[in-house]
Amino acid sequence: MRIIRAKDYEDMSRKAAAVLAAQVTVKPDCVLGLATGSTPIGTYDCLAQWCKEGVLDFSRVSTVNLDEYRGLDHENDQSYYYFMNKNLFSRINIDPAHTHVPNGMEPDPEKESKRYEELIRSLGGIDIQLLGIGHDGHIGFNEPNSFFDKYTHCVDLTEMTIEANKRFFASADEVPRQAYTMGIGTIMHARKLLMIVSGEDKADIAAAAFCGEVKPEVPASIIQFHPDVTIIGDEAALSKIPE
Ligand code: PGA
């Protein structure tokens, strides 16, 4: 596990974008696993900028996203598909047909989970998976649990996640109660993991996840067992992790 200390959010974003850009450069037809939330926005800004400057080419890249709210369609401005399109896909030269997000409108969880797993397999697996971390230690929408979920599945969101995500909605009542998410096994199968973490409010969970016991009650702790993990955090987020 490599832990890279960045000065601040901007520095973290630039460093994370550089790791993703290196992947695209060495393997132009790579599969990027992507994430939503506020943490990766700066990373996506850098990638969009470098693409605009002509130093990065996404024309052969495929992407798969970690998760999507159940019941929200692509046009819904709170859906993760919409987020990805706005923050990244519409700003780079990627083929929209190569961008994949779980289908929140599929009513049958088993069908959607199976489809998404098969899709990832058919693409040859994920070369590098970008991850954020929730205050409760979730990755994707894998919430604290008594076991690690292996595959893509439908989850009930916890009160903590609903509370954290309500800032994007008119009220907490409008936050969907369920989501489709890659499983912990799906994430762990990626060849590389890139975790980004920013802000003092993430310091406790970062210390627990990266230095504490590996347990499903802290889902992100599992990444300690992955053979190729890079964590890039700003000073505030990594303040409780010894040098
Ligand atoms: P955030 O969310 O980037 O908005 O803090 C991270 C997450 O919930 O995975």
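Source: prediction; values computed, not measured. (Residues numbered from 1 in each chain as written. Predicted model: local features only at pLDDT ≥ 70, side-chain atom pairs only at ≥ 80, totals over all residues. Heavy atoms only, no water.)

A. Seen up close, the packing of helix 1 (residues 9–26) against helix 2 (residues 41–52). Put simply, helix 1 and helix 2 touch, their axes get as near as 8 Å, and they point 55° apart. One way to sum up the angle between helix 1 and helix 2 is to call them oblique. Handedness of the helix 1/helix 2 crossing: right-handed. Taken together, the residues of helix 2 that come into contact with helix 1 (itself represented by Tyr9, Ser13, Arg14, Ala16, Ala17, Ala18, Leu20 and Ala21) are Ile41, Gly42, Thr43, Cys46, Leu47 and Trp50. (Axes fitted to C-alpha atoms, helices over the stretch in contact; angles between N-to-C directions. Helix = DSSP H or I, 4+ residues; strand = E, 2+ residues; numbered from the N terminus. Parallel < 35°, antiparallel > 145°, perpendicular 65-115°, else oblique. Left-handed = near helix turned anticlockwise from the far one by under 90°. Contact = heavy atoms within 4.5 Å.)

B. Layout of the state of the cysteines. Inspection of every chain in the model, using the stated rule, returns 0 disulfides. Cysteine cysteine 51 is unpaired, with the sulfur of cysteine 30 as its nearest cysteine sulfur at 13 Å. (Disulfide = S-S within 2.5 Å.)

C. Main features of the site of the ligand. Every residue near the ligand is listed here: Gly37, Ser38, Thr39, Gly132, Ile133, Gly134, His138, Arg167 and Lys202. Interatomic distance of 2.9 Å between a side-chain N/O atom of serine 38 and an oxygen atom of the ligand. Here threonine 39 contributes a side-chain N or O atom positioned 2.4 Å from an oxygen atom of the ligand. Across the complex, the protein chains shield 84% of the 280 Å² of accessible surface that the ligand would expose by itself. Looking at side-chain class alone, the shell around the ligand contains 1 nonpolar, 6 polar and 2 charged residues. (Near = heavy atom within 4 Å. Polar contact = N/O pair within 3.5 Å; in protein donor to acceptor, adjacent residues only side chain to side chain. Areas by Shrake-Rupley, 256 points an atom, 1.4 Å probe, with all protein chains shown as cover. Nonpolar A, V, L, I, M, F, W, Y, C, P; charged D, E, K, R; others polar.)

D. Examining the pattern of salt bridges more closely. Applying the stated criterion to the full structure yields 13 salt bridges. The salt bridge partner of aspartate 127 is lysine 27, with a shortest N-O separation of 2.9 Å. Placement of aspartate 127 in the loop between helix 4 (109–122) and strand 6 (128–131) and of lysine 27 in the loop between helix 1 and strand 2 (31–34) is noted, with a sequence separation of 100 residues between them. Two residues, glutamate 118 and lysine 114, come together in a salt bridge whose shortest N-O distance is 3.6 Å. Taken as a pair, glutamate 118 and lysine 114 lie in helix 4 at a separation of 4 residues, close to a single helical turn. (Salt bridge = Lys/Arg side-chain N within 4 Å of Asp/Glu carboxyl O.)

E. Structural detail: the packing of aromatic side chains. The tally for this structure, following the rule as stated, stands at 4 aromatic pairs. Ring plane angle 45° and centroid distance 5.6 Å describe the contact between tyrosine 69 and phenylalanine 141, whose orientation is recorded as tilted. Here phenylalanine 141 lies in the loop between strand 6 and strand 7 (153–156) and tyrosine 69 lies in strand 4 (residues 67–69), a separation of 72 residues in the sequence. Relative accessible area serves as the criterion here: at 1%, tyrosine 69 is assigned to the buried category. Consider the rings of tyrosine 80 and phenylalanine 141, whose centres lie 5.9 Å apart with planes at 10°: the pair is stacked. In this pair, tyrosine 80 is assigned in helix 3 (residues 80–87) and phenylalanine 141 in the loop between strand 6 and strand 7, connecting sequence segments 61 residues apart. Of the residues examined, tyrosine 80 reaches a relative accessible area of 11% and is grouped as buried. (Phe/Tyr/Trp six-rings, centres within 6.5 Å; stacked < 30°, edge-to-face > 60°. Buried < 20%, exposed > 50% of the residue type's maximum accessible area, 1.4 Å probe, protein only.)

F. Highlighting helix 2. Taking 1.5 Å of rise per residue, 12 residues should cover 16 Å, and helix 2 covers 16 Å from first to last C-alpha, within 8% of that figure. Regarding helix 2, the residues found buried are Gly42, Thr43, Tyr44, Cys46, Leu47, Ala48 and Cys51. Turning to helix 2, the residues buried within the fold contact helix 1, strand 2, helix 3, strand 6 and strand 9 (192–197). Glycine 54 sits one or two positions beyond helix 2 and adopts a positive phi of about 85°. (Expected span 1.5 Å × (residues − 1).)

G. View of the nonpolar core. Grouped together as the largest cluster of nonpolar side chains are 61 residues, with contacts concentrated most on Leu32, Leu47, Phe58, Ile139, Met195, Phe210 and Ile223. Among the elements that make up this core, the one with the highest residue count is helix 1 (6 residues). The contacts of methionine 195, once residues within four sequence positions are left out, are Leu131, Gly132, Ile133, Ile139, Phe210, Ala220, Ile223, Thr230, Ile231 and Ile232. (Core = buried A, V, L, I, M, F, W, Y, C linked by side-chain atoms within 4.5 Å.)

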